[in-house]
Amino acid sequence: MNEPVLVLNANFEPLNVCDTRRAIGLILTGKAEMVANGRGLIHTARQNFPSPSVIRLESMVRRPRPRVKLTKREIFRRDNYTCQYCGRQATHLTIDHVEPRHRGGGHRWDNLVAACQQCNRQKGGRTALEANMHLHRHPAEPAATASYLFGRHLADNADWAEYIDGW
Ligand SMILES: [Zn+2]
């Protein structure tokens with residue numbers, strides 16, 4: 001009952017992920033319909049329910065355009081787990097402030113990059129320019145496309161792909 005279920009808006013735009021229990025609650029109260037039954041049956045004492053992997057809300061939910069949360073994990077993911085200075089896929093990555101904090105560099109998407117420990121040490125409290133170190137690409141806020149937001153679930157939920165593509 002705790003498996004992830006992809007929730008689509010009435011217009012099929014992917015909205016979020018809930019668990020099986022909540023998804024079945026939404027279906028039974030008429031708030032959602034099952035779109036994909038990727039998980040066989042749920043057996044209860046009285047009856048069997050098809051277990052949904054994708055549901056769609058019956059009425060449209062309005063919400064602001066989603067944004068990717070600024071977290072360490074998301075920065076590593078944006079930077080493909082690669083040090084943005086030397087290009088190595090290091091196992092122990094750190095977060096580097098391109099413009100150091102004590103120099104006024106903000107905690108923002110465009111000032112934070114993944115860096116290996118070695119490069120982070122080498123750069124120290126200097127700016128990239130002062131340290132003569134070059135970023136592989138200019139850091140920016142990733143677009144919150146459905147494939148970016150939900151892509152990490154795809155390995156375990158291959159049947160979500162067709163509902164995520166293009167959003
Ligand atoms: Zn490095």
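For the structure, see preceding data.
Parameters at a glance
Residues numbered from 1 in each chain as written. Predicted model: local features only at pLDDT ≥ 70, side-chain atom pairs only at ≥ 80, totals over all residues. Heavy atoms only, no water. 1 Å grid on protein atoms, 1.4 Å probe; cavity = no way out; pocket = protein on both sides within 12 Å on 5 of 7 lines; lining within 4 Å. Points joined across faces, edges and corners; volume = space filled by probe spheres on them. Nonpolar A, V, L, I, M, F, W, Y, C, P; charged D, E, K, R; others polar. Buried < 20%, exposed > 50% of the residue type's maximum accessible area, 1.4 Å probe, protein only. Helix = DSSP H or I, 4+ residues; strand = E, 2+ residues; numbered from the N terminus. Pairing = 2+ DSSP bridges. Axes fitted to C-alpha atoms, helices over the stretch in contact; angles between N-to-C directions.

Looking now at the layout of surface pockets. By volume, the largest pocket amounts to about 290 Å³. Around the largest pocket, the lining is made up of 16 residues, and of these Arg67, Lys69, Glu74, Leu149 and Arg152 lie nearest the centre. For the lining of the largest pocket, a count of residues per class yields 7 nonpolar, 2 polar and 7 charged.

Burial along strand β6 (residues 54-57) is two-sided: Val54 and Arg56 facing one way and Ile55 and Leu57 facing the other are all buried. Here 3 bridges tie strand β1 (residues 4-8) to β6, and the two strands are oriented parallel to one another. Residue Leu8 lies in a different strand from β6, and its bridge partner there is Arg56. In this sheet, β6 lies alongside strand β3 (residues 32-36) in antiparallel orientation, the contact comprising 4 bridges. Paired with Glu33 across the two strands is Arg56, which belongs to β6.

Moving on: the sheet that holds strand β2 (residues 14-19). Taking strand neighbours across the sheet as the criterion, the 4 strands line up as β2-β1-β6-β3 in an open arrangement whose pairing is mixed. Sheet topology places β2 and β3 at the edges, where each strand pairs with a single neighbour. Each adjacent strand pair in this sheet contributes to an overall mean axis angle of 35°, direction not counted. Bridge analysis of β1 against β2 gives 5 bridges, and the strand direction is antiparallel.

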